[in-house]
Amino acid sequence: MTQPSSTAPIHVVGGGLAGSEAAWQIAETGVPVVLHEMRGVRGTDAHKTDGLAELVCSNSFRSDDAASNAVGVLHAEMRLAGSLIMRSADANQVPAGGALAVDREGFSAAVTTALESHPLITILREEVTGLPPEDWDQAIIATGPLTAPSLAEAIQARTGADSLAFFDAIAPILHTHSIDMDICWYQSRYDKVGPGGTGKDYINCPMDEAQYNAFIDALIAGDTTGFKEWEGTPYFDGCLPIEVMAERGRETLRHGPMKPMGLTNAHNPTVKPYAVVQLRQDNALGTLYNMVGFQTKLKYGAQAEIFRLIPGLENAEFARLGGLHRNIYINSPTLLDRSLALKGRKGLRFAGQITGCEGYVESASIGLLAGRFAAAERRGETPSLPPETTAFGALLNHITGGHIVSDDEPGKRSFQPMNINFGLFPPLEPGAVTRPEGMKRFRGKDKALAKKQATAARALDDCARWLAG
């Protein structure tokens, strides 16, 4: 790390995952940072504490497989780049099969402590109600999907573009001791062993066909939170409320979060469950588990009643029930340049979910990039963009240039939030994937896996070269 200097600070607005990562990356280059976080002065509809990088939805960073999973590749690239978010996640992981899940309180505390103790970071607990003033020169807005209305209005007024919006929903968390383990059992899907895991990292609640149908009927009939003035705002398909999925077809959940594949009921191994609800460890002590895929907008009373229909959860005690909050994001391909700077306002960048990415690590990675870009400009350098073959570059390309043409509005960009996935990476060069020796037929799943592995290997090699250069 470069020694402290008299360089003017870069201001970061928002202390979530993206803002925390941006502040860390800037400070680690020797450039001072002022991190503005309103929690502690003003709360949000979803946050419960004033800790930096608080996780408000799942505690999972998803797959940690860097060999054949796009999310795992992004994890690996962030580690190569000295990510504070990944360092804190690794230090506070809890078992979760092939996923990297964290003790949410320990994770937030680790990030907060690191930022508070850094000599080049100043944390101000205050609300920034408008766009950063011109005299801040270099600034990053990383206020996330819960951007305060006053700041959202200021962004809209400055850009002349409407902020797009969607809903996101939070899954319930329950106390482990209230789960009936005479009905439920521990097992990861296909007995997969992940980081810190054993292959028995989830609690599984089985349903027969009659129980499943009764549960679906209750979900569809359940009393939900009204949309009010947000009526018509689209959901992000990767985080649909459980009751919305149920409304899309009676079998939807059996082929989604309640699929029974890869699981064998330890109490009745000869009978295949018709559907399974999985619970994932939520804290290091193992005293809390969250309901996987059970984001919901059901009212609290309806949640408790309906979710206790699940076998093994008849006497469930909930540490936190699910909820609904509004997320907003900007039309980044139109508004931002390739270095995440607002067109027409040099030095003002956006980072995190407000740019139109989805997921914890995706948000943090865009914060990482925005921080590096801002620090380079502060030092009088031209920001170095990551290759599009990397997970960093693929996600950045989606945000600043990825779009599809809307059929019903020709010529208008259609931009939606996106998780990192191999579909965002450029195609492999011809001949990059060849049939393994001795394999007669090389197609289908085998060929698809080989392509993923080759894409992942290329990404990590190119990322290492980019960071070194």
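The preceding data block contains the structure.
Residues numbered from 1 in each chain as written. Predicted model: local features only at pLDDT ≥ 70, side-chain atom pairs only at ≥ 80, totals over all residues. Heavy atoms only, no water.

Turning next to helix α2 (residues 70-80). Burial analysis of α2 places nine of its eleven residues in the buried class, the great majority of the element. Every buried residue belonging to α2 is among Ala 70, Val 71, Gly 72, Val 73, Leu 74, His 75, Ala 76, Glu 77 and Met 78, and all of these are buried. Where α2 begins, one side-chain oxygen reaches toward the backbone nitrogen of Val 71, 2.9 Å away; that side chain belongs to Asn 69. (Buried < 20%, exposed > 50% of the residue type's maximum accessible area, 1.4 Å probe, protein only. Helix = DSSP H or I, 4+ residues; strand = E, 2+ residues; numbered from the N terminus. Polar contact = N/O pair within 3.5 Å; in protein donor to acceptor, adjacent residues only side chain to side chain.)

A few words on empty space enclosed by the protein. If you walk through the whole model with that rule in mind, you get one cavity of 30 Å³ or more. Of the voids in this model, the largest cavity is the one considered here, and its volume is about 30 Å³. As for the largest cavity, its lining consists of Cys 57, Ser 58, Arg 104, Ala 171, Pro 172, Ile 173, Asp 282, Asn 290 and Arg 320. A per-class count over the lining of the largest cavity returns four nonpolar, two polar and three charged. (1 Å grid on protein atoms, 1.4 Å probe; cavity = no way out; pocket = protein on both sides within 12 Å on 5 of 7 lines; lining within 4 Å. Points joined across faces, edges and corners; volume = space filled by probe spheres on them. Nonpolar A, V, L, I, M, F, W, Y, C, P; charged D, E, K, R; others polar.)

With respect to topology, three strands assemble into an open sheet ordered β3-β5-β4, the strand pairing being antiparallel. If you trace the sheet from one side to the other, it starts and ends with β3 (60-63) and β4 (93-94), each paired once. Pairing of β4 with strand β5 (residues 99-102), which is carried by two bridges, proceeds in the antiparallel orientation. Counted as the bridge partner of Val 94 is Ala 101 from β5. Contacts from α2 reach β3 and β5, with the element oriented near 115 degrees to β3. (Pairing = 2+ DSSP bridges. Contact = heavy atoms within 4.5 Å. Axes fitted to C-alpha atoms, helices over the stretch in contact; angles between N-to-C directions.)

For Arg 62, which is not glycine, the phi dihedral falls at a positive 65 degrees. Within the chain, Tyr 190 stands out as a residue other than glycine whose phi angle is a positive 60 degrees.

Across the sheet, five strands lie side by side as β6-β2-β1-β7-β16; this open sheet has parallel pairing. At either margin of the open sheet sits one strand with a lone partner, and together these are β6 (121-125) and β16 (348-350). Taking each pair of neighbouring strands and ignoring which way they run, the sheet shows an average axis angle of 20 degrees. Pairing analysis gives five bridges linking strand β2 (residues 33-37) to β6, with the strands arranged parallel. Bridging across to β6, Val 34 finds its partner in Thr 122. Packing of helix α1 (residues 17-28) onto the sheet brings it into contact with β1 (10-13), β2, β6 and β7 (139-141), and relative to β2 it is tilted by some 170 degrees.

It is worth spelling out the pairing of strand β11 (residues 202-207) at this point. Most of β11 sits inside the fold, with six of its six residues counted as buried. Every second residue of β11 is oriented toward a common face, with Tyr 202, Asn 204 and Pro 206 on one face and Ile 203, Cys 205 and Met 207 on the other, all of them buried. Judged from the two bridges that link them, strand β10 (residues 185-186) and β11 form a sheet pairing that is antiparallel. Along β11, the bridge assignment pairs Trp 185 with Asn 204.

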